There are 2 protein chains.
Amino acid sequence: MVNYPGGIVKSDFVSADRTAPKRTRSESVNFAKRGMSFEAEINATNEYYLAHGIAVVHKKPTPVQIVHVDYPKRARAKITEAYFRQASTTDYSGVYNGHYLDFEAKETNQKQSFPLKNFHKHQIEHMKAVLAQQGFAFVLLNFATLAETYFLPASALIDFYDAHAGLKSMPLDLIRTQGARIPTQQIPRIPYIEILKTQIGGS
Amino acid sequence: MVNYPGGIVKSDFVSADRTAPKRTRSESVNFAKRGMSFEAEINATNEYYLAHGIAVVHKKPTPVQIVHVDYPKRARAKITEAYFRQASTTDYSGVYNGHYLDFEAKETNQKQSFPLKNFHKHQIEHMKAVLAQQGFAFVLLNFATLAETYFLPASALIDFYDAHAGLKSMPLDLIRTQGARIPTQQIPRIPYIEILKTQIGGS
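Everything numeric here is computed off the predicted structure, so don't read it as measured data. (Residues numbered from 1 in each chain as written. Chains lettered and ligands numbered in written order. Predicted model: local features only at pLDDT ≥ 70, side-chain atom pairs only at ≥ 80, totals over all residues. Heavy atoms only, no water.)

Asker: Sorry, what's going on with the environment of alanine 75 of chain B here?
Answerer: Residues and elements named next belong to chain B. Here alanine 75 shows up in the loop between β2 (64-70) and β3 (78-84). Its relative accessible area of 28% is what places alanine 75 among the partly exposed residues. Residues alanine 75 and phenylalanine 103, spaced 28 residues apart in sequence, show a C-alpha to C-alpha distance of 37 Å. (Helix = DSSP H or I, 4+ residues; strand = E, 2+ residues; numbered from the N terminus. Buried < 20%, exposed > 50% of the residue type's maximum accessible area, 1.4 Å probe, protein only.)

Here is the structure:
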């Protein structure tokens with residue numbers, strides 16, 4: 001059973017501190033914390049792109065299954081019982097110069113490979129469907145310990161995923177060969193559109 | 001204060017019956033029920049398009065602000081306090097034959113005009129940004145009482161919105177002139193891609 005899907009980040013919470021004491025599963029907590037800053041950097045990058053008219057890219061809201069809602073008089077509707085759902089698509093989508101783009105952003109503390117468990121089968125299927133519609137699908141992979149971020153076309157991830165069902169992670173060497181390192185900078189933090197431009201030019 | 005944003009539909013709930021007795025605001029209830037079937041028809045249309053390789057379009061999850069989560073041992077994380085947020089973008093986005101498409105679907109019981117309150121300023125701004133990136137933005141308007149559904153390019157909605165800030169609704173006559181009626185059918189229910197094709201061809 002999935003207790004804490006990967007897409008949950010601090011921005012979905014009003015206060016991380018208020019929820020922290022209730023957390024009993026250290027793995028879940030670490031996962032959320034690891035993803036936080038990378039995700040914040042991508043969100044900041046997207047805000048920069050939007051403000052400068054470069055691209056319109058938004059993170060989709062965290063999918064939540066709502067079970068019970070109270071509607072008090074003279075107050076906001078309050079959701080009192082809900083559960084996290086697994087995302088059926090990727091987290092980010094948008095438009096750049098007429099092109100549809102669609103990506104997932106993930107982080108690892110591994111140094112030599114990227115764990116495939118970060119990608120659900122639904123997401124792989126979604127990326128295939130996007131490619132079939134001539135959209136640009138990719139993943140942004142952050143090796144936190146190495147402080148290296150890569151742009152990997154979805155086609156490379158899908159090929160590896162389909163060919164190596166038994167393998168649990170994709171080697172960094174292969175990511176370096178089939179993807180492109182994104183030079184992180186001050187503003188915007190993760191200029192992935194620069195890499196996308198080369199992909200579009202070459203297609 | 002917004003108690004019940006427009007994007008909330010039955011599909012976000014596990015059981016509408018369980019929440020229904022708690023509803024004290026008849027307006028909210030009617031709004032949700034009115035939107036339900038039209039939204040379900042669009043979702044079914046998108047499933048058809050996906051299954052047949054025609055387009056990849058998904059409804060974004062309902063944005064929820066999560067305040068409190070319990071993490072019980074050996075059980076799913078349970079959200080115990082959360083609130084509906086107003087969407088900053090449109091509800092639907094996707095890709096058709098390389099083109100980015102982005103739309104909002106709304107319903108009214110009015111017979112002569114479509115109330116503009118269905119569209120928030122954020123959404124109008126979002127549609128402008130999408131058009132600036134050469135995406136295809138539009139709205140699907142269902143006149144429930146008339147059983148007529150229209151495809152209206154976002155440019156027409158934006159022009160009217162900007163020019164007639166004082167008016168509370170857009171006349172149906174104008175929608176008929178500037179938009180296109182979608183012939184609803186059995187499968188897919190709301191074949192909006194057929195209209196989009198003519199827009200793309202003419203652009």
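Asker: Help me understand helix α4 (residues 154-163) of chain A in this model?
Answerer: The periodicity of an α-helix, 3.6 residues per turn, causes residues three or four places apart in sequence to face the same way. Regarding α4 of chain A, the residues found buried are Ala154, Ala156, Leu157, Ile158 and Phe160 of chain A. Packing partners of the buried residues in α4 of chain A comprise α3 (121-132), β7 (136-143), β8 (148-153), β9 (169-171) and α5 (172-178) of chain A. (Contact = heavy atoms within 4.5 Å.)

Asker: Even after reading the chapter, I still don't get the sheet that holds strand β2 (residues 64-70) of chain A, so can you show me in this structure?
Answerer: By definition, the strands of a sheet pair up through backbone hydrogen bonds, in either a parallel or an antiparallel sense. The strand order β2(A)-β3(A)-β3(B)-β2(B) describes an open sheet built from four strands, whose pairing is antiparallel. Either end of the sheet is taken by a strand with one partner, and the two such strands are β2 of chain A together with β2 of chain B. Across the sheet, the mean angle separating the axes of adjacent strands is 30° when strand polarity is ignored. Relative to β3 of chain B, β2 of chain B runs antiparallel, the two sharing six bridges. What sits directly across from valine 64 of chain B, in β3 of chain B, is phenylalanine 84 of chain B. (Pairing = 2+ DSSP bridges. Axes fitted to C-alpha atoms, helices over the stretch in contact; angles between N-to-C directions.)

Asker: What should I look at first to understand the packing of aromatic side chains in this one?
Answerer: The geometry of an aromatic ring pair is captured by two quantities: the separation of the ring centres and the angle between the planes. Residues and elements named next belong to chain A. Under the defined criterion, the tally for this structure stands at 21 aromatic pairs over all chains. Both rings, one in phenylalanine 103 and one in phenylalanine 138, keep their centres 4.9 Å apart while their planes meet at 10°; by these two values the pair is stacked. Of the two residues, phenylalanine 103 sits in strand β5 (residues 99-108) while phenylalanine 138 sits in strand β7, which places them 35 residues apart along the sequence. Note on phenylalanine 138: relative accessible area 1%, which makes it buried. Taking the centre distance of 5.6 Å and the plane angle of 80° together, the rings of phenylalanine 114 and phenylalanine 143 count as edge-to-face. Placement of the pair is phenylalanine 114 in strand β6 (residues 113-115) and phenylalanine 143 in strand β7, with a sequence separation of 29 residues. One aromatic cluster is present, built from ring pairs that chain together Tyr48, Tyr49, Tyr92, Phe103, Phe138, Phe151 and Tyr192. (Phe/Tyr/Trp six-rings, centres within 6.5 Å; stacked < 30°, edge-to-face > 60°.)

Don't take any of this as a statement about function, it's just geometry.
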